[in-house]
Amino acid sequence: MGFFSLFKRSKIPVETPVCVTSNTTDNPNISDSRNAREAYLQQITEKVTSDLLALPTYEIELSQSTLKRQLVSDLNEVKYSNITAKGKYPNFVAFDVETTGLSAGKDRIIQLSAIRFVDGKATEKFDTFVNPQKPIPPEITKINGITDDMVKGSPTIHEILPAFDRFIGKSDLVSHNMDFDLKFIHVNGSQVITGKRRYFCTLLQSQKMLKKPKQKWDKEFQEYVTDWDQDYDVYDHKLDTLCDYFHIILPKAHNSLYDAYAAGELFLKLIEEKQLY
């Protein structure tokens, strides 16, 4: 959890240090306060992690059927929905993928996770590593911590996707940067877009609802720079930034189980934001 989690709506830029009038290492009150804060954050992070891992886990029945690769262009028919002031969102599934790279055509899924939310609460999880059947690039392991040994012996994506589709059922779908996540599962054979449902991308919704700093022209350096003096809500719309803004605990970034949970919680916060103001 980042330092700025305590400053929702404070609009402190990430590059700007919080101003204090004395050396914090020489001030026992500030040091004690910071230590207490860190201990509290550690405690609630452990609680969130424990609760998430304790959620009932969907039993994945592996498929023996061969799934056909599908076209990315199929997704042109998918229209994302917007959160509305009077909308109802009683249940949905938030999902996320970790992959070996950015190209759905060339790269592979190495972790697939989803969380079912009912009446604002996480109730069930789908979570599995996926064998990509090729080495994971070292630069990807540095980002998400997933190694070849961790996926060795895991089922392939074709063995998993039918069970994933059954877990989704008729539920609405939620994801942060859904273009990316939906593209990977669709190309590999998921049938989720064939059903009638709503799709909510928390990245797009947050961009519509929360302002980021504007750019201004710097005459001295002859380039555009961030204008921190203008009114803004968040300095970017990344998942971890938005979690800090809304006080959502994200135990570990770039893990599809935790990212799916965070996306679901973010969706609930965005609903609250839209319907409260």
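The structure we're discussing is the one just above.
Conventions and cut-offs
- Residues numbered from 1 in each chain as written.
- Predicted model: local features only at pLDDT ≥ 70, side-chain atom pairs only at ≥ 80, totals over all residues.
- Heavy atoms only, no water.
- Axes fitted to C-alpha atoms, helices over the stretch in contact; angles between N-to-C directions.
- Helix = DSSP H or I, 4+ residues; strand = E, 2+ residues; numbered from the N terminus.
- Parallel < 35°, antiparallel > 145°, perpendicular 65-115°, else oblique.
- Left-handed = near helix turned anticlockwise from the far one by under 90°.
- Contact = heavy atoms within 4.5 Å.
- Buried < 20%, exposed > 50% of the residue type's maximum accessible area, 1.4 Å probe, protein only.
- Pairing = 2+ DSSP bridges.
- Phe/Tyr/Trp six-rings, centres within 6.5 Å; stacked < 30°, edge-to-face > 60°.
- Lys NZ or Arg CZ within 6 Å of the ring centre and 35° of its normal.

Caption draft 1: Fine view of the packing of helix α6 (residues 202-209) against helix α8 (residues 256-276). Relative to each other, α6 and α8 sit at 30°, their axes nearing to 10 Å. Judged by the angle between their axes, α6 and α8 are roughly parallel. Of the two possible hands of crossing, α6 and α8 adopt the one that is left-handed. Within the contact between the two elements, α6 uses Thr202, Gln205, Ser206 and Met209 and α8 uses Ala263, Leu266, Phe267, Leu270, Glu273 and Lys274.

Caption draft 2: The arrangement of the packing of helix α7 (residues 239-246) against α8 in detail. One can describe the packing of α7 onto α8 by two numbers: an axis separation of 10 Å at closest approach and a directional angle of 50°. In this view, α7 runs oblique relative to α8, as classed from their interaxial angle. The interaxial crossing formed by α7 with α8 has left-handed handedness. For the pair α7 and α8, contact is made by Leu239, Leu242, Cys243, Tyr245 and Phe246 and by Asp259, Ala262, Ala263, Leu266, Lys269, Leu270 and Glu273, respectively.

Caption draft 3: The environment of phenylalanine 180, seen in detail. As for its position among the elements, phenylalanine 180 is in helix α5 (residues 178-187). Sequence-wise, phenylalanine 180 and alanine 104 are 76 residues apart; in three dimensions their C-alpha atoms are separated by 8.1 Å. Apart from residues no more than four positions distant in its own chain, phenylalanine 180 is found in contact with Val97, Thr99, Gly101 and Leu102.

Caption draft 4: Region of the structure containing the side chain of serine 175. Counting through the fold element by element, serine 175 comes out in strand β4 (residues 172-175). The buried category is assigned to serine 175, whose relative accessible area is 0%. Ignoring anything within four residues of it in the chain, the contact list for serine 175 reads Phe95, Asp181, Phe200, Cys201, Thr202 and Leu203.

Caption draft 5: Inspection of the sheet that holds strand β1 (residues 91-99) at higher detail. Ordered by their spatial adjacency, 5 strands build an open sheet running β3-β2-β1-β4-β5, and the pairing between neighbours is mixed. Each end of this open sheet is capped by a strand with a single partner; those strands are β3 (121-129) and β5 (199-201). Shown here is a sheet whose adjacent strand axes are inclined to one another by a mean of 20°, direction ignored. The pairing of β4 with β5 spans 3 bridges and is parallel. Paired with valine 174 across the strands is phenylalanine 200, a residue of β5.

Caption draft 6: Structural view of the packing of aromatic side chains. Applying the stated rule across the entire model yields 14 aromatic pairs. Seen from their ring centres, tyrosine 89 and phenylalanine 267 are 5.7 Å apart, and the 80° between their planes marks the pair as edge-to-face. Placement of the pair is tyrosine 89 in the loop between α1 (28-53) and β1 and phenylalanine 267 in helix α8, with a sequence separation of 178 residues. For tyrosine 89, a relative accessible area of 11% corresponds to the buried category. Since its relative accessible area comes to 1%, phenylalanine 267 is described here as buried. An angle of 85° between the planes, with centres 4.9 Å apart, marks the rings of tyrosine 245 and phenylalanine 246 as edge-to-face. No difference in accessibility class separates tyrosine 245 from phenylalanine 246, as the two residues are buried. Through pairs of rings, three or more aromatic residues link up here, namely Tyr58, Phe95, Phe126, Phe164 and Phe167. Over the face of the ring belonging to phenylalanine 167 we find arginine 116, whose NZ or CZ atom lies 4.3 Å from the ring centre.

Caption draft 7: Representation of α5 within the structure. Within α5, 7 of the 10 residues are buried, which leaves the element mostly enclosed by the surrounding structure. Turning to α5, its buried residues number three or more, namely Met178, Asp181, Leu182, Phe184, Ile185, His186 and Val187. On the buried face of α5, the contacting elements are β1, β2 (109-118), α4 (157-168), β4 and β5.

Caption draft 8: Representation of unusual backbone geometry in the model. Positive phi values are uncommon outside glycine, yet glutamine 133 reaches one of about 60°. By the element assignment, glutamine 133 lies in the loop between β3 and α2 (138-144). Using a relative accessible area of 60% as the deciding quantity, one classes glutamine 133 as exposed. One non-glycine residue, glutamine 222, lies in positive phi territory at about 55°. Within the secondary structure, glutamine 222 is located in the loop between β6 (215-218) and β7 (223-226).

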